[in-house]
Amino acid sequence: MGIQQWLFSFKGRIGRRDFWVWMILWVLSMTLLFALANGGMLDFQMAAFILVCLIWPTACVMVKRLHDRGRHGGWALLMVLAWMLLSGNWQMLGDTLAWTVGRLIPVVIIVMLLIDLGAFVGTQEENKYGKETLDVKYF
């Protein structure tokens, strides 16, 4: 599998290594992006635009990893739910419920997805999402 299919196609399956390669690249990119924005070297609107541009490849990598685990790509929408819950203002619910809805539930969702996608081996044989896992050829 080439880099173009890895980052821009929802078809196929990838293994844990390629999933973690993208997650590490994404975290490093976000750290650099917001460090530059906080330092005044990059406008916050440009940083937000770049963040939005990175949503597509992140979704593609996550969906392909879900396919390797034998799951439908729609499970990736749990990350959207977690992000929405983290972004919300839940103070109207009171301290305990606001903390539960705004912090605990999203963190549990994110941790469960990262463990499922990053730690567990995918299906060994062909499944309904494709043949066996393809390694990404980076060069």
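Residues numbered from 1 in each chain as written. Predicted model: local features only at pLDDT ≥ 70, side-chain atom pairs only at ≥ 80, totals over all residues. Heavy atoms only, no water.

K.L.:
Help me understand the packing of helix α5 (residues 77–87) against helix α6 (residues 95–119), please; the structure alone is not making it clear to me.
P.N.:
The angle between the axes and the distance between the axes are what describe a pair of packed helices. Where α5 contacts α6, the axes come no closer than 8 Å and their chain directions differ by 155 degrees. If you check the angle between α5 and α6, you find them roughly antiparallel. The chirality of how α5 crosses α6 is left-handed. Facing Leu78, Met79, Leu81, Ala82, Leu85 and Leu86 of α5, the residues of α6 in contact are Val101, Gly102, Arg103, Ile105, Pro106, Ile109, Ile110 and Leu113. Residue composition of the contact of α5 with α6, grouped by class: 12 nonpolar, one polar and one charged. (Axes fitted to C-alpha atoms, helices over the stretch in contact; angles between N-to-C directions. Helix = DSSP H or I, 4+ residues; strand = E, 2+ residues; numbered from the N terminus. Parallel < 35°, antiparallel > 145°, perpendicular 65-115°, else oblique. Left-handed = near helix turned anticlockwise from the far one by under 90°. Contact = heavy atoms within 4.5 Å. Nonpolar A, V, L, I, M, F, W, Y, C, P; charged D, E, K, R; others polar.)

K.L.:
How should the packing of aromatic side chains be read in this particular structure?
P.N.:
For any pair of aromatic rings, geometry is given as the distance between the ring centres together with the angle between the planes. By the definition in use, this model includes four aromatic pairs. A centroid spacing of 6.1 Å and a plane angle of 90 degrees characterise the contact between Trp6 and Trp22, whose relative ring orientation is edge-to-face. Taken together, the residues span a long stretch of sequence, with Trp6 in helix α1 (residues 3–8) and Trp22 in helix α2 (residues 16–38) at a distance of 16 residues. When its relative accessible area of 8% is taken as the criterion, Trp22 is described as buried. Taken together, a centroid distance of 4.9 Å and an interplanar angle of 70 degrees make the contact between Phe10 and Trp56 edge-to-face. Linking Phe10 in the loop between α1 and α2 with Trp56 in helix α4 (residues 55–68), this pair joins segments that are 46 residues apart in sequence. Classification of Trp56 by relative accessible area gives partly exposed; the value is 46%. (Phe/Tyr/Trp six-rings, centres within 6.5 Å; stacked < 30°, edge-to-face > 60°. Buried < 20%, exposed > 50% of the residue type's maximum accessible area, 1.4 Å probe, protein only.)

K.L.:
When you look at the pattern of salt bridges in this model, what are you seeing that I'm missing?
P.N.:
Opposite charge on two side chains makes pairing possible when the charged atoms of those side chains draw close. Applying the stated rule across the entire model yields five salt bridges. Put simply, Arg69 and Asp116 hold a salt bridge, and the shortest N to O gap is 2.7 Å. You can see Arg69 sitting in the loop between α4 and α5 and its partner Asp116 sitting in helix α6, a full 47 residues away along the chain. Between Asp116 and Arg71 there is a salt bridge, with the nearest N and O atoms lying 3.6 Å from each other. In this pair, Asp116 sits in helix α6 while Arg71 sits in the loop between α4 and α5, placing the two residues 45 residues apart along the sequence. On the basis of relative accessibility, which here comes to 29%, the residue Arg71 falls in the partly exposed class. Here the salt bridges do not stand alone but share partners, grouping Arg13, Arg65 and Asp68 into one network. (Salt bridge = Lys/Arg side-chain N within 4 Å of Asp/Glu carboxyl O.)

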